[in-house]
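Tertiary structure, described
This is what each chain is made of:
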Amino acid sequence: RKQQLELLSKVDSVTRDGVRVRLSANISSVKELEIALKNGAEGVGLFRTEFMYMDRHALPTEQEQLDIYRLVAEKAGGESVVIRTLDIGGDKELDYFELPEEENPFLGYRAIRICLDHRDMFKTQLRAILRASAHGKVKIMYPMISSLEELRAAGDVLDEAKRELDREGIAYDRSIEVGIMIEVPAAVAIADLLAGECDFFSIGSNDLVQYVLAVDRMNEHIAHMYNPYHPAVLRMLRATINAAHDAGIPVSVCGEMAGDERSLPFWLHLGVHRLSMSPQSLLRIKQSVLHTTARDAAAMAADWMKLRTSNEIERELDIYIKAFH
Ligand code: PEP
Ligand code: MG
């Protein structure tokens, strides 16, 4: 069965009725990229860079970061690589970087909030990403955006980094795309405004589910409440995707939900055709795409969206999975 799956790595990811669903990878190292490419990934939808900053004693330098970003961009061979800026805090800590003890780390000092507070560290990373963009199809993505101010403030640092590189005569992609993760309910509520000021959305369902449902993604006592198929989450997904479509920008999904075959009908119904997932999920999801008739799956999901409770939705998803897999 594993061998059968491996044969799929070179097959196009298209539904029975011809709808293309691009499958890219979430990676946090060059090694993971290699696994992803072996499994047929179409580029990198999420490069989690915090792992470059972890397990060491000081911040990585611009050159150290550039070496890795460039290697990833080159290995991806012309496919796009979305590099997410540092997303520490919450569940991820750094030895050499004093983070405050917090009552609610996931509601606290993390991700873009830390970066905007440490502009030099942030600018170093942006410079490295910009420089890597001269060697492949690199895109920038900011995590945890919850307001236009944050997006603009990040843009200011990016502009400064670009001006510096211009002055130094260092090459970068002048039309590099800049996107944001949609993973905070506030971002969903203002998705139309955010879409007007960035190039793409990527839905981070892992955090979005925990923030929408007020269910800590790390707390085992309430793990049963952490449900991506809660009607509230599905409505948030719909609002985000519609806002992206209205603004004419691409939207993808890079949370764990993308690697769950039960979610595929929803994406086909809502109009998402780019999914990014762990390298280990790629072939399983591709198999699911190949077995699916988009028209039928979308019609089913349209009905599921009308159900009122998670239980009802999950019952339908169980029936669907048993019938189709
Ligand atoms: C997410 O929140 O869905 C996501 C992809 O980011 P991370 O899991 O790294 O927080
Ligand atoms: Mg996240």
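Our subject is the structure that appears above.
Rules used in this analysis
Residues numbered from 1 in each chain as written. Chains lettered and ligands numbered in written order. Predicted model: local features only at pLDDT ≥ 70, side-chain atom pairs only at ≥ 80, totals over all residues. Helix = DSSP H or I, 4+ residues; strand = E, 2+ residues; numbered from the N terminus. Rg over C-alpha atoms; globule rule 2.2 N^0.38 Å. Buried ≥ 20, exposed ≤ 12 C-beta atoms within 10 Å, placed from the backbone. Contact = placed C-beta atoms within 7 Å. Axes fitted to C-alpha atoms, helices over the stretch in contact; angles between N-to-C directions. Parallel < 35°, antiparallel > 145°, perpendicular 65-115°, else oblique. Nonpolar A, V, L, I, M, F, W, Y, C, P; charged D, E, K, R; others polar.

1. As for the overall build of the protein
What the protein contains, in helices and strands, is 15 helices and 8 strands. Taking 20 Å as the expected radius of gyration for a compact globule of 325 residues, we find that the protein reaches 19 Å, a close match to that expectation. C-alpha extents for the protein along the principal axes are approximately 60 × 45 × 35 Å. Within the protein, the fraction of its 325 residues that count as buried is 43%. Counting only contacts in the protein whose residues sit at least 6 apart along the sequence, the fraction spanning at least 24 positions is 71%.

2. Concerning the environment of Asp-173
Here Asp-173 shows up in the loop between helix H7 (148-168) and strand E5 (178-182). Measuring from C-alpha to C-alpha, the distance between Asp-173 and Leu-307 comes to 46 Å, with 134 residues separating the pair along the chain. Not counting residues within four places of it along the chain, the set of residues in contact with Asp-173 comprises Ser-133, Ala-134 and Val-138.

3. Here we look at the packing of helix H2 (residues 30-38) against helix H4 (residues 62-75)
In contact at an axis separation of 10 Å, H2 and H4 are set at 5° when each is read in the N-to-C sense. If you check the angle between H2 and H4, you find them roughly parallel. Facing Val-30, Leu-33 and Leu-37 of H2, the residues of H4 in contact are Ile-68, Leu-71, Val-72 and Lys-75. Considered class by class, the residues forming the contact of H2 with H4 number 6 nonpolar, no polar and 1 charged.

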